[in-house]
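# Fold and geometry: a report
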Amino acid sequence: MTPADTGASTVVDAAPAAPAAPAVPDSTGSSDPSDSRMAPGGPGYRRMSFALFLAGVATFALLYSTQALLPLISGDLGVTASDASWTVAAATGGLALFVLPMSALSERFGRRTVMTASLAVAVTVGLLVPFAPSLPALVALRAVQGAALAGLPASATAYLAEEVRPRALVTAIGLFVAGNSVGGMSGRVITGWVAQEWGWRVAVGVVGLVAVACAVAFRLLLPAPRHFTPGSLRPRVLVRTVRDHLANPLLRRLYAIGALFMTVFGGVYTVIGYRLTEAPFSLPQGLIGSIFLVYLVGTVSASTAGRLVGRLGRRGALYLGAGTTAAGLLLSLAPSLPLVLLGLVLITAGFFAGHAVASSAVGKTAQHGRAQASALYQSAYYVGSSAGSTVGAVAFHSGGWAGTVGVGVLAVLGVVVITVSGSLAARRAAGTPVRALSLPR
């Protein structure tokens, strides 16, 4: 099986094959009836989907376990909002830094093996986080936890690219992203109410126990890979693969789009707790945690990303995600709790739709080394999260909520500019006169 099929980083030169007659796709979305990869309704697909859904729940619940608790952490440890935000930025930064090395390990040792080991380490650290005696110790533990979780995102998308039929890939990745949204939501809601009664340390410990249960179920349910071929761990091969991906203009645009979307999301959800504790809202911690129920909207928008792409094309779906996010940012400026909540709903829906579209496009675009292609996307994505958490908190400290919204609007404008440039580049490559910015598929 070739690297294009497996995602292995080995580069093979071959003579071009003779053109074959087009085949008619079957009911499961494959043009080859002998295709043994999974598809909706086929054997193992539900188990695989649920297993990766649970992996997504555990990943996001652990990764952002302190985000809804930042006001309490600030009060308990006597630190500012920007200092406390490092408990989020350290985790996402650790993930961004280690996602590429972890993806290389998954090329050699297998996707399921790396995902299992990553979850095991992350949940172990999660059980130690409540006992951190100081902010530096807490930040250090969170950085280790983020580094461990780096084995999940890129390995999961590479596993799906190898084991799921191409026409079902966007839907399958959308379900994994939906698990991210459920994990982010449940972790924040649980910590909000538990922290209100017993403090932030107990709340983080409860999230750790939930993640342990998800990790065990994931390992028991995920089918063994059938289309994985081990690749090389040689540094020169890895560097060549990374260089090839970074030389691809479409992949570079997708990486930048993922980073900018996550800059918005990381900034908004890092700061929103501080805003809602202040006047005119003055909400208790439990209700602030419940605000994250809007993540359910992200679950829906991510899981329907495949249908959006089918109707609007990839760029059209990205325009829609960016426009929805921008509308939510502007609406959240209102001094009315219902309007702020509606703004969060729109921000969440737009972000998760855009992320699902961009991340699935990476898997389809990469011709070899899919794990590295996905890892570069995830690295850019979580760099955006770290930047959004830190810059959003600094902007809030200096300019209030309007400052955080300003950072988000600039990031959304970046998504639009990059998507427009992609549309123009596609038209030029096709030799089509550039008369209007239509939405090509």
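Residues numbered from 1 in each chain as written. Predicted model: local features only at pLDDT ≥ 70, side-chain atom pairs only at ≥ 80, totals over all residues. Heavy atoms only, no water.

## Overview of the overall build of the protein
We count it as follows: Secondary structure elements follow DSSP: runs of H or I no shorter than four residues count as helices, runs of E no shorter than two count as strands, and numbering proceeds from the N terminus. Exposed residues in this analysis have more than 50% of their type's maximum accessible area, buried residues have under 20%, and partly exposed residues fall in between, with area computed by a 1.4 Å probe over protein chains only. Whether two residues touch is decided by their heavy atoms; if any such pair falls within 4.5 Å, the residues are in contact. Every accessible area reported is derived by Shrake-Rupley at a probe size of 1.4 Å, with residue values counting cover from the shown protein chains alone.
Helix and strand counts for the protein stand at 17 helices and 0 strands. For the protein, the proportion of its 441 residues judged to be buried stands at 56%. In the protein, the share of contacts with a sequence separation of at least 24, taken over all contacts with a separation of at least 6, comes to 83%. For the protein, the accessible area works out to roughly 17,100 Å², and carbon and sulfur atoms hold 68% of it.

## Examining the packing of aromatic side chains
Spelled out, the test is: Any Phe, Tyr or Trp ring, taking Trp's six-membered ring, that has another such ring centre within 6.5 Å forms a pair; planes under 30 degrees apart are called stacked, those over 60 apart edge-to-face, and the others tilted.
Under the counting rule described, the total for this entry stands at 10 aromatic pairs. Here Phe-265 and Tyr-269 contribute two aromatic rings whose centre-to-centre distance is 4.7 Å and whose plane-to-plane angle is 55°, an arrangement assigned as tilted. In this pair, Phe-265 and Tyr-269 both sit in helix α12 (residues 249-277), 4 residues apart, roughly one turn of the helix. You'll find Phe-265 and Tyr-269 in the same group, each marked buried. Ring centres 4.7 Å apart and planes at 85° place the aromatic pair Tyr-381 and Tyr-382 in the edge-to-face group.

## Points about the packing of helix α2 (residues 45-63) against helix α7 (residues 135-149)
Quick reminder of the rule: Axis angles are defined between N-to-C directions and span 0 to 180 degrees, where every axis is a line fitted to C-alpha atoms and, for a helix, only to the segment in contact. Put simply, angles under 35 degrees are roughly parallel, angles over 145 are roughly antiparallel, angles from 65 to 115 are roughly perpendicular, and the rest are oblique. Crossing handedness follows the turn of the near helix against the far one: under a right angle anticlockwise gives a left-handed crossing, and clockwise gives a right-handed one. Each residue gets one label: Ala, Val, Leu, Ile, Met, Phe, Trp, Tyr, Cys and Pro are nonpolar, Asp, Glu, Lys and Arg are charged, and the others, such as Gly, are polar.
Two elements in contact, α2 and α7, have axes separated by 10 Å at closest approach and are oriented at 160°. The angle between the axes of α2 and α7 places the two elements in the roughly antiparallel class. α7 is crossed by α2, and the crossing has left-handed handedness. Contacts between α2 and α7 involve Thr-59, Leu-62 and Leu-63 from the former and Arg-142, Gln-145, Gly-146 and Leu-149 from the latter. In terms of residue class, the contact of α2 with α7 is built from 3 nonpolar, 3 polar and 1 charged.

## Side note on the environment of Arg-111
Heads up, the rule is: Polar contact is defined as a pair of N or O atoms within 3.5 Å, subject to the rule that within protein one atom must be able to donate a hydrogen and the other to accept it, and that residues adjacent in sequence are counted only when both atoms are side-chain atoms.
Relative to the assigned elements, Arg-111 resides in helix α6 (residues 111-128). Once the C-alpha coordinates of Arg-111 and Leu-152 are considered, the two residues, 41 residues apart in sequence, prove to be 8.6 Å apart. Engagement of the side chain of Arg-111 in a polar contact is seen with the side chain of Glu-162, the distance being 2.3 Å.

## Points about the side chain of Arg-275
Selection rule: Residues scored as positive are Lys and Arg, those scored as negative are Asp and Glu, and His as well as the terminal groups of each chain are ignored. Just to be clear on terms, a salt bridge is a Lys or Arg side-chain nitrogen sitting within 4 Å of an Asp or Glu carboxyl oxygen.
The topology assignment puts Arg-275 in helix α12. Buried Arg-275, no salt bridge; nearest opposite-charge side chain is Glu-278, N-O distance 6.9 Å. If we ignore the near neighbours within four places in the chain, the residues touching Arg-275 are Phe-281, Ser-332, Leu-333, Ala-334, Val-340, Phe-396 and Trp-401.

## Some thoughts on the confidence of the model for the protein
Filter applied, for reference: Confidence scores here are pLDDT values: one per residue, from the predictor, ranging 0 to 100.
With 88% of its residues at a pLDDT of 70 or more, the protein has an overall mean of 82. No element of the protein has a lower mean pLDDT than helix α1 (residues 3-6), which averages 34, and none a higher one than α7, which averages 95. Predicted confidence for residues 1-31 stays below pLDDT 50, and this span has 56 contacts to residues more than four positions away or in other chains. The low-confidence segment residues 434-441 (pLDDT under 50) makes 19 contacts with residues lying over four places distant or belonging to another chain.

## Details of the environment of Val-206
Considering the arrangement of structural elements, one finds Val-206 in helix α10 (residues 200-221). On the basis of relative accessible area, Val-206 is assigned to the partly exposed category, the value being 28%. Ignoring any residue separated from it by four or fewer positions in sequence, one finds Val-206 in contact with Ile-190 and Val-194.

## A word on the pattern of salt bridges
Across all of its chains, the model carries 2 salt bridges by this definition. Note that Asp-76 and Arg-201 form a salt bridge whose closest N and O atoms lie 3.8 Å from each other. With a gap of 125 residues between them, Asp-76 in helix α3 (residues 70-77) and Arg-201 in helix α10 connect regions that are remote in the sequence. Here Asp-76 falls in the partly exposed class, since its relative accessible area comes to 44%. On the accessibility criterion, Arg-201 (26% relative accessible area) is partly exposed. Glu-162 is the salt-bridge partner of Arg-111, the closest N and O atoms lying 2.3 Å from each other.

## Quick look at the packing of α12 against helix α16 (residues 337-365)
Orientation of α12 relative to α16, taken along the N-to-C sense of each, is 155°, at an axis distance of 9 Å. Of the possible angle classes, the one that applies to α12 and α16 is roughly antiparallel. In terms of crossing hand, the pair formed by α12 and α16 is left-handed. Of the residues assigned to the contact of α12 with α16, the class counts are 21 nonpolar, 4 polar and 1 charged.

## Concerning the nonpolar core
To be explicit about the condition: Here, nonpolar core refers to any group of buried Ala, Val, Leu, Ile, Met, Phe, Trp, Tyr and Cys residues whose side-chain atoms link them within 4.5 Å.
Counting 121 residues, the largest nonpolar core has Met-48, Leu-52, Leu-160, Tyr-269 and Tyr-382 as the members making the most contacts within it. Apart from residues no more than four positions distant in its own chain, Met-48 is found in contact with Met-38, Tyr-159, Leu-160, Val-164, Leu-222 and Pro-223.

## Focus: unusual backbone geometry
Along the chain, Ala-279 connects to Pro-280 via a cis peptide bond; the corresponding omega equals 10°. Tracing the backbone shows Pro-280 in the loop between α12 and α13 (285-290). Unlike most non-glycine residues, Ser-282 shows phi in positive territory, near 50°. One can find Ser-282 in the loop between α12 and α13. The class of Ser-282 is partly exposed, set by a relative accessible area of 47%.

## Focus on the environment of Gly-205
Structurally, Gly-205 is set in helix α10. Put simply, Gly-205 and Pro-130 are 75 residues apart on the chain and 5.8 Å apart in space, counted from C-alpha to C-alpha. Sequence-distant contacts of Gly-205, defined by excluding residues within four places in its chain, comprise Leu-127 and Pro-130.

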